[in-house]
Amino acid sequence: MKLVFLDALTLGDIDLSDFEKLGDVKIYQSTKADETLDRIKEADIVLTNKVVIDKYIMDNSNIKMIQILATGMNNVDLEYASKKGIVVKNVAGYSTNSVAQLTFAFALEIMNKLRYYDEYSKTKYSESEIFTHIINFKELNGKTWGIIGLGEIGKKVANIAKAFGCKVVYYSTSGKNNNAEYKRVELDEVLESDIISIHAPLNENTNNLLNRKNLNLIKEDAILINMGRGGIVNEADLAEIIDTKGFYAGFDVFTKEPIDKNNPLLKVKNIILTPHIAWASVEAREKLVSLAYKNIEDFVEN
């Protein structure tokens, strides 16, 4: 079996040597669209995180299996792969703890004003007349935490928020998710929460879900955290509203990735941005690679 990694750089420094037990392995750190076919033409198994595998690639290669190194599968033409008899596997559930952790890192950094206090301590604290320096910050305890998308990650966040003493409510983007522990409400009510976190996929129900019409419902000093997908929040509308309304945001995902240099969020004061890394703790990447290995091992053995 010939295995080809198309964008191993997305996995960081995780050891991939075990895959050599499954066949001949070729590793490319990144692959441009016009390089894909040449690199996988003779491959039996292709491993890709975000490199697109479409009808043209499938028709002009001998691929037998595509292992997506992520949960989302929109970079592969699944319908055509099925017609061609090509097995497509993804990996789910590996990043729950990692995404939940960054969600709270955003919330706690913003609520506790850590960037401000760090800068103050390094530049002004030594000259203070008193032992402390007070600007108002608040506790999570007693706040309402609204969740958009109560899937596995959403539930993990809900449980942690509850442990902090938050009242948790959620909005089901499909309209079908019912949970006995947490109250389901309409989107407008979620947007009136103190903290709002998004943990939903991008689809016809969520595209442009938050826009000029409803972003105005978010109150002053509230926090909007997007851990779902770019496109769920209209970035231009948010950029126009956030600073004047006086709320805060933390975004790990963007409509275009890498982020466009002209993205209006880059000019927003009240926002923290990270480069789509919520999924990528060491432990999460190790689990991802392990589960991908098991998928391929099962395919090779059968």
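Computed from a predicted model, the values in this text were never measured in an experiment. (Residues numbered from 1 in each chain as written. Predicted model: local features only at pLDDT ≥ 70, side-chain atom pairs only at ≥ 80, totals over all residues. Heavy atoms only, no water.)

Some remarks on the pattern of salt bridges
At step 1: Considering all chains together, one arrives at 15 salt bridges under this definition.
At step 2: Where Glu-181 meets Lys-162, a salt bridge forms, and the shortest distance between an N and an O atom there is 2.8 Å. Of this pair, Glu-181 sits in the loop between β7 (167–171) and β8 (183–184) while Lys-162 is found in helix α6 (residues 152–163), placing the two residues 19 residues apart along the sequence.
At step 3: We note a salt bridge from Arg-212 to Asp-237, for which the minimum N-O separation is 2.8 Å. Placement of the pair is Arg-212 in helix α8 (residues 212–215) and Asp-237 in helix α9 (residues 235–245), with a sequence separation of 25 residues.
At step 4: Counted as one network, the salt bridges with shared partners bring together Lys-55, Asp-59 and Lys-84. (Salt bridge = Lys/Arg side-chain N within 4 Å of Asp/Glu carboxyl O. Helix = DSSP H or I, 4+ residues; strand = E, 2+ residues; numbered from the N terminus.)

Describing α9
At step 1: Buried residues of α9: Glu-235, Asp-237, Leu-238, Ile-241 and Ile-242, and no others. Mapping the buried residues of α9 onto a view down its axis gives an arc of 135°, with all of them on the same face. Exposed and oriented more than 90 degrees from the buried face of α9 are Glu-240 and Thr-244.
At step 2: Between a side-chain oxygen at the N-terminus of α9 and the backbone nitrogen of Ala-236 the separation is 3.2 Å; the capping residue is Asn-234.
At step 3: A positive backbone phi angle near 80° is found at Gly-246, which sits one or two residues after α9. (Buried < 20%, exposed > 50% of the residue type's maximum accessible area, 1.4 Å probe, protein only. Arc of directions from axis to C-beta. Polar contact = N/O pair within 3.5 Å; in protein donor to acceptor, adjacent residues only side chain to side chain.)

Examining the pairing of strand β1 (residues 2–5)
At step 1: Where β1 lies against strand β2 (residues 24–27), 4 bridges are found, and the strand directions are parallel. Bridge pairing in β2 places Phe-5 opposite Ile-27.
At step 2: With 3 bridges joining them, β1 and strand β3 (residues 45–48) adopt parallel strand pairing. Counterpart to Phe-5 in the pairing with β3 is Leu-47. (Pairing = 2+ DSSP bridges.)

Points about the side chain of Ser-172
At step 1: Along the chain, the position of Ser-172 falls in the loop between β7 and β8.
At step 2: Excluding residues that lie within four positions of it along the chain, Ser-172 makes contacts with Asn-177 and Arg-184. (Contact = heavy atoms within 4.5 Å.)

Focus on the environment of Asp-194
At step 1: Turning to its location among the elements, Asp-194 is positioned in the loop between α7 (187–190) and β9 (195–198).
At step 2: Note: C-alpha distance between Asp-194 and Ile-223 (29 residues apart in sequence) is 6.4 Å.
At step 3: In contact with Asp-194, not counting residues within four places along its chain, are Lys-143, Thr-144, Lys-219, Ala-222 and Ile-223.
At step 4: One polar contact links Asp-194 to Lys-219, side chain to side chain, over a distance of 3.0 Å.

A word on the packing of helix α4 (residues 96–112) against α6
At step 1: Between α4 and α6, whose axes approach to 9 Å, the crossing angle comes to 50°. By the angle class used here, α4 and α6 are oblique. When you trace α4 past α6, the crossing you get is right-handed. Each of Thr-96, Asn-97, Val-99, Ala-100, Thr-103 and Phe-104 in α4 lies in contact with α6, whose residues at this interface are Glu-152, Ile-153, Lys-156, Val-157, Ile-160 and Ala-161. (Axes fitted to C-alpha atoms, helices over the stretch in contact; angles between N-to-C directions. Parallel < 35°, antiparallel > 145°, perpendicular 65-115°, else oblique. Left-handed = near helix turned anticlockwise from the far one by under 90°.)

Focus: the packing of aromatic side chains
Pairs of aromatic rings are described using the distance from one ring centre to the other and the angle between the two planes.
At step 1: If you walk through the whole model with that rule in mind, you get 8 aromatic pairs.
At step 2: Here the aromatic rings of Tyr-116 and Tyr-117 are separated by 5.6 Å at their centres, their planes lie at 75°, and the arrangement is edge-to-face.
At step 3: The class of Tyr-116 is partly exposed, set by a relative accessible area of 37%.
At step 4: Between Tyr-120 and Tyr-125, the ring centres sit 6.2 Å apart and the planes meet at 40°, which makes this aromatic pair tilted.
At step 5: On the basis of relative accessibility, which here comes to 10%, the residue Tyr-120 falls in the buried class.
At step 6: By the ring-pair criterion, three or more aromatic residues cluster together here, those being Tyr-116, Tyr-117, Tyr-120, Tyr-125 and Phe-137. (Phe/Tyr/Trp six-rings, centres within 6.5 Å; stacked < 30°, edge-to-face > 60°.)

Examining a negative patch on the surface
At step 1: Together, Glu-186, Asp-188, Glu-189 and Glu-192 make up a negatively charged patch on the protein surface.
At step 2: Looking at the secondary structure, you find Glu-186 in the loop between β8 and α7.
At step 3: Using a relative accessible area of 59% as the deciding quantity, one classes Glu-186 as exposed. (Patch = residues over 30% accessible without salt bridge, like charges linked within 9 Å, V, L, I, M, F, W, Y side chains within 5 Å. Areas by Shrake-Rupley, 256 points an atom, 1.4 Å probe, with all protein chains shown as cover. Lys, Arg positive; Asp, Glu negative; His and termini not counted. Charge placed at Lys NZ, Arg CZ, Asp CG, Glu CD.)

A short note on unusual backbone geometry
At step 1: Residue Pro-258 follows Glu-257 across a cis peptide bond; omega there is 0°.
At step 2: Here Pro-258 is to be found in the loop between β11 (248–251) and β12 (271–273).
At step 3: Not every positive phi belongs to a glycine, and Asn-208 is a case in point at roughly 60°.
At step 4: Looking at the element boundaries, Asn-208 is found in the loop between β9 and α8.
At step 5: A relative accessible area of 32% places Asn-208 in the partly exposed class.

Read these as geometric descriptors, not functional statements.
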